[in-house]
Amino acid sequence: MKKYGLLGLIGILVIASLIFLLTNGEEKKDTGKKEAKQVQRNDDPEAIQVFEESIEVIASDDGNINANKLFIPWTINKDGSTFYLSQRDGTIVAIDGEFGLVDVQGVDLKEEIFHKGEAGFLGFTLAPDFKDTKRAFAYYTYDKGGKITNRIISIVLEGSTWKEENVLLDHIPGGEKDTGGRIAIGPDGKLYATTGDIGKNDLAQDLDSLAGKILRLELNGEIPKDNPFEDSYVFSYGHRNSQGITWDDQGHMYNSEHGEDGHDEINLIEAGKNYGWPVIQGDEEADGMETPLVHSGDSTWAPSGVAFRDGKLYVASLAGKKIFTYDVTTEALTDFYDEAGRLRDVFIEEDALFVITSNHDNRGKPTAKDDRLIHIPLAEKTTSN
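Remember, it's a predicted structure, so these values are computed and weren't measured experimentally. Think of each chain on its own: its residues are numbered from 1, step by step along the sequence as written. At least 70 in pLDDT is required for a residue's local features to be given in this predicted model, at least 80 for side-chain atom pairs to be given and counted, and no such filter applies to totals for whole chains, interfaces and linings, which use all residues. Only hydrogens and water are removed before side-chain values are computed, so all heavy atoms of the structure are retained for them.

Peer 1: Any chance you could explain the sheet that holds strand β21 (residues 322-327) here in plain terms?
Peer 2: Strands belonging to one sheet form pairs held by backbone hydrogen bonds; the direction of such a pair is parallel or antiparallel. Each pair of strands is called paired provided DSSP finds at least two bridges between the two strands. Counting from the N terminus, the helices are DSSP H or I runs at least four residues long and the strands are E runs at least two residues long. Taken together, 4 strands build an open sheet; the order of strands is β19-β20-β21-β22 and the sheet is antiparallel. The sheet is open, and its two edges are formed by β19 (303-309) and β22 (333-337), each paired on a single side. Adjacent strand axes in the sheet meet at a mean angle of 30° when their direction is disregarded. Relative to β22, β21 is paired through 4 bridges, and the arrangement is antiparallel. Fitted lines through C-alpha atoms serve as axes, helices being fitted only where they are in contact, and the angles separating the N-to-C directions of these axes extend from 0 to 180 degrees.

Given below as structure tokens:
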């Protein structure tokens, strides 16, 4: 009995060992399957698309990033740690600033984008309640029966696609040049939009035309009751081609504006005022018309996006190939950054400044890294100037 008892014990141990080995082997197989699934997720079609776009992202621990190989970006928006960069061809690049993850998002619109010359998918800004609604606003150009037109819309993010929701304002005169396109939500909660004169100068003085103006809308597209002209979206007029708007800490509004053969402008914008184009430019004066705070004279800035911080306007310029600052108190102009070619938009958050290049717009000289989102530590750069 003892012999068989010992043999039985040995048999039990052998069987237990076999069970352990088999179980452990299955666990390793399961782990292998999980790793294989992880690899498969990294190779999904969306990730391949991002790889094919070749967007390169360098992320820092504090949520600040640099990104390379974009394609004609037009605006910088940010929600939490995520940047949303609209591109003129009709895509939006979402970049997670914490992890450097990229999502190239499509835009599903009711009209086909007319992307030629200066036209295309231009202004883009997130709604104040974006976290809850995933809603934003956009300004884009389309061709309807040979007539080039701009419209302002609301769009909603569904998955990785932005879908046109409502048309807020349509039939804004458009063209391949001088088409404006900047939109922003002011401190009063209204939506502002800049429009160009599309090369037809007299439209800027015509209050019945939406060209050559700064417009003001409710977020549902209605005309605000306190607009300066009755039953009109027009907030200010006499603009040639404004591509930047911002507000200071007191709610004063400023714009950047392209002149003709130089005479680019920075203006203090007030409701109902006439900013002179094409009657006056530069230092010229006329009754009932406003002169700029500062202008470029015979040289050209081609100023675009504008941001305000600590008493200064930071202005991105295309032909000027730099960010320059304008001190609203001392009126001093200072070059701030000039190391990346044509610059389209500027965005400031705390001590970080971000700028995007526009070197692929057929007017620049793109490098292998263009177009780019560039992070500039604001305090460090300001101290060094």
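Peer 1: Can you help me understand the layout of surface pockets in this one?
Peer 2: Over the atoms rolls a probe the size of a water molecule, and its path tells where empty space is left. Taken as a whole, the largest pocket encloses approximately 680 Å³ of empty space. The definitions used throughout rest on a 1 Å grid laid over the protein atoms alone, on which a cavity is an enclosed set of points accommodating a 1.4 Å probe that cannot get out and a pocket is an open set flanked by protein within 12 Å on both sides along at least five of seven lines; lining residues are those having an atom within 4 Å of a point. Along the wall of the largest pocket there are 24 residues; nearest its centre are A184, I245, T246, V306 and F347. At the level of elements, β3 (73-79), β7 (121-126), β11 (183-185), β15 (242-247), β19 and β23 (343-349) are the ones that each hand at least two residues to the lining of the largest pocket. For this scheme, ten residues count as nonpolar: Ala, Val, Leu, Ile, Met, Phe, Trp, Tyr, Cys and Pro. Four count as charged, namely Asp, Glu, Lys and Arg, and the remainder, Gly too, count as polar. Across the lining of the largest pocket, the residue classes break down as 14 nonpolar, 5 polar and 5 charged. Grid points are joined across faces, edges and corners, and a volume is the space filled by probe spheres set on the points. Space inside the second largest pocket adds up to approximately 340 Å³. E118, H258, A302, R342 and R363 are, among the 23 residues lining the second largest pocket, the residues nearest its centre. Partitioned by chemical class, the residues of the lining of the second largest pocket number 4 nonpolar, 7 polar and 12 charged.

Peer 1: Explain the pairing of strand β17 (residues 265-269) to me, please; I cannot follow it from the model alone.
Peer 2: Strand residues, when the strand is regular, have side chains that alternate between the two faces of the sheet. A large share of β17 lies buried, amounting to 4 of its 5 residues. Alignment of strand β16 (residues 253-257) against β17, held across 5 bridges, turns out to be antiparallel. Looking across to β17, one finds that M253 is bridged to I269. In this scheme, a residue with accessible area under 20% of its type's maximum is buried, one over 50% is exposed, and one in between is partly exposed, where area comes from a 1.4 Å probe on protein chains only.

Peer 1: How should I be thinking about the packing of aromatic side chains in this particular structure?
Peer 2: Any two aromatic rings considered together are summarised by their centre-to-centre distance and by the angle between their planes. When the centres of two rings from Phe, Tyr and Trp lie within 6.5 Å, Trp using its six-membered ring, the rings pair. Their planes under 30 degrees apart give stacked, over 60 give edge-to-face, and anything left gives tilted. Inspection of every chain in the model, using the stated rule, returns 12 aromatic pairs. An angle of 65° between the planes, with centres 4.8 Å apart, marks the rings of F83 and F354 as edge-to-face. Residue F83 is located in strand β4 (residues 82-87), and its partner F354 is located in strand β24 (residues 352-357); the two are separated by 271 residues in the primary sequence. With respect to burial, F83 and F354 carry one shared label: buried. A centroid spacing of 6.1 Å and a plane angle of 90° characterise the contact between Y84 and W162, whose relative ring orientation is edge-to-face.

Peer 1: What exactly am I supposed to notice about the environment of D327 here?
Peer 2: Structurally, D327 is set in strand β21. The sequence separation of D327 and G311 amounts to 16 residues, and the corresponding C-alpha distance is 5.9 Å.

Structural measurements only, silent on function.
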